[in-house]
Amino acid sequence: MLGFIGCGNMAQAMIKGILEKKLYAAEEIIVSRRNQEALSKLKDQFALQVTADNKKVAREAEVLVLAVKPFQFETVISEIREVVRKDALVISIAAGQTMGNIERLFGKNIKLVRSMPNTPALVLEGAAGVCFNENITEEDKKKTMEIFSSFGIAHEVSENMIDTVIGVSGSSPAYVFMFIEAMADAAVADGMPRAQAYELAAQSVLGSARMVLETGRHPGELKDMVCSPGGTTIEAVRVLEKEGFRSAVIEAMKACVKKAREM
């Protein structure tokens, strides 16, 4: 049984991917939320088992995903720690909650995974960093990576890299959405219908990302392939460099990582 305590946007993205890849059947997934209306919607959408009782999920789940906000961890773990199965694989998807702190809150040995997925899991294009505590077996690792790979790619990282994962993939869809929106706004300013502008901008980002992943070429080399001497693209690149495009991205990501470390 796969259990989720909390089921916001990220957990729902994970569930959608898991179901689409048939890693678990709907009846093998149990979810708890306090909001009854939200629970009803989840049941209607995914046909999952749902409950308002966190302890019920903790008792039944062989793999237990803690998908609540970081500030809720102390309250939720104090509620479930006595009923979590002894052999349960506990997975945290929260920023700012270290493995050491989670272990302290449980007050006993647990098999613990700390991870940071992202919302493109909704379309099976997620990216996740995953780290493990010393109680995890190779079989546990395999099971964990199967779960996270069911809705995208997953990389094992050391825990001190998790905050960097938040900056480069966990939070970065927001940066990309802003980039797409800005490109579309510029096209609209030049007279293009908005729906068409969004589609062309989004497809360009999608195609460019696939070129990086599938060709294995350096992004700078791929950029140079588009920039003809004296052409339109190099002129746009010149303005982006002048306006500090790279620096803005780097500083935004550094701020994101700094915030994650402070949580």
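Calculation notes
Residues numbered from 1 in each chain as written. Predicted model: local features only at pLDDT ≥ 70, side-chain atom pairs only at ≥ 80, totals over all residues. Heavy atoms only, no water. Salt bridge = Lys/Arg side-chain N within 4 Å of Asp/Glu carboxyl O. Helix = DSSP H or I, 4+ residues; strand = E, 2+ residues; numbered from the N terminus. Buried < 20%, exposed > 50% of the residue type's maximum accessible area, 1.4 Å probe, protein only. Arc of directions from axis to C-beta. pLDDT = per-residue confidence, 0-100. Expected span 1.5 Å × (residues − 1). Contact = heavy atoms within 4.5 Å. Phe/Tyr/Trp six-rings, centres within 6.5 Å; stacked < 30°, edge-to-face > 60°.

## Considering the pattern of salt bridges
- Tallying each qualifying case throughout the model produces 18 salt bridges.
- For the salt bridge of Arg114 with Asp163, the shortest nitrogen-to-oxygen distance reads 3.8 Å. Of the two residues, Arg114 is situated in strand E6 (residues 111–116) and Asp163 in helix H7 (residues 162–170); the sequence distance between them amounts to 49 residues. Both residues of the pair, Arg114 and Asp163, count as buried.
- Between Arg238 and Glu235 there is a salt bridge; the shortest N-O distance is 2.7 Å. Taken as a pair, Arg238 and Glu235 lie in helix H11 (residues 232–242) at a separation of three residues, close to a single helical turn.
- One salt-bridge network, in which partners are shared between bridges, spans Arg114, Glu159, Asp163 and Arg261.

## Overview of unusual backbone geometry
- For Ala47, which is not a glycine, the phi torsion comes out positive at approximately 60°.
- Take Ala47: it is sitting in the loop between helix H2 (36–46) and strand E3 (49–51).
- Phi is positive for Leu124, which is not a glycine, with a value near 60°.
- Structurally, Leu124 can be placed in the loop between E6 and strand E7 (126–132).
- By relative accessible area, Leu124 is classed as partly exposed at 23%.

## What to know about helix H4 (residues 73–80)
- Inspection of H4 places Phe73, Val76, Ile77 and Ile80 among the buried residues, and these make up the whole buried set. Buried residues of H4, seen end-on, are gathered within an arc of 95° and therefore sit on one face of the element. For H4, the exposed residues set more than 90 degrees away from the buried face come down to Glu74 and Thr75.

## Things to note about the confidence of the model for the chain
- Per-residue pLDDT for the chain has a mean of 95; in total, 100% of the residues score no lower than 70.
- Within the chain, the element-level pLDDT minimum falls on H2, averaging 88, and the maximum on helix H8 (residues 172–189), averaging 98.

## Some words on helix H9 (residues 194–215)
- When the terminal C-alpha atoms of H9 are compared, their 31 Å separation across 22 residues agrees well with the 32 Å that a helix rising 1.5 Å per residue should span.
- Positive phi appears at Gly216, one or two residues downstream of H9, with a value of about 75°.

## Some points on the environment of Val57
- Looking at the secondary structure, you find Val57 in helix H3 (residues 54–60).
- A C-alpha to C-alpha distance of 16 Å links Val57 and Ala38, two positions 19 residues apart in sequence.
- The residues touching Val57, leaving out its near neighbours within four places in the chain, are Gly3, Phe4, Ile5, Ile30, Val31, Ser32, Thr51 and Leu64.

## A short note on the packing of aromatic side chains
- Within this structure, the stated rule accounts for two aromatic pairs.
- Centre to centre, the rings of Phe148 and Phe151 are 5.7 Å apart; their planes meet at 65°, and the pair counts as edge-to-face. Of the two residues, Phe148 and Phe151, neither departs from the other in class, the shared state being buried.
- With 6.0 Å between their ring centres and 45° between their planes, Phe179 and Phe245 make a pair best called tilted. Linking Phe179 in helix H8 with Phe245 in helix H12 (residues 245–262), this pair joins segments that are 66 residues apart in sequence.
- The partly exposed category is assigned to Phe245, whose relative accessible area is 36%.

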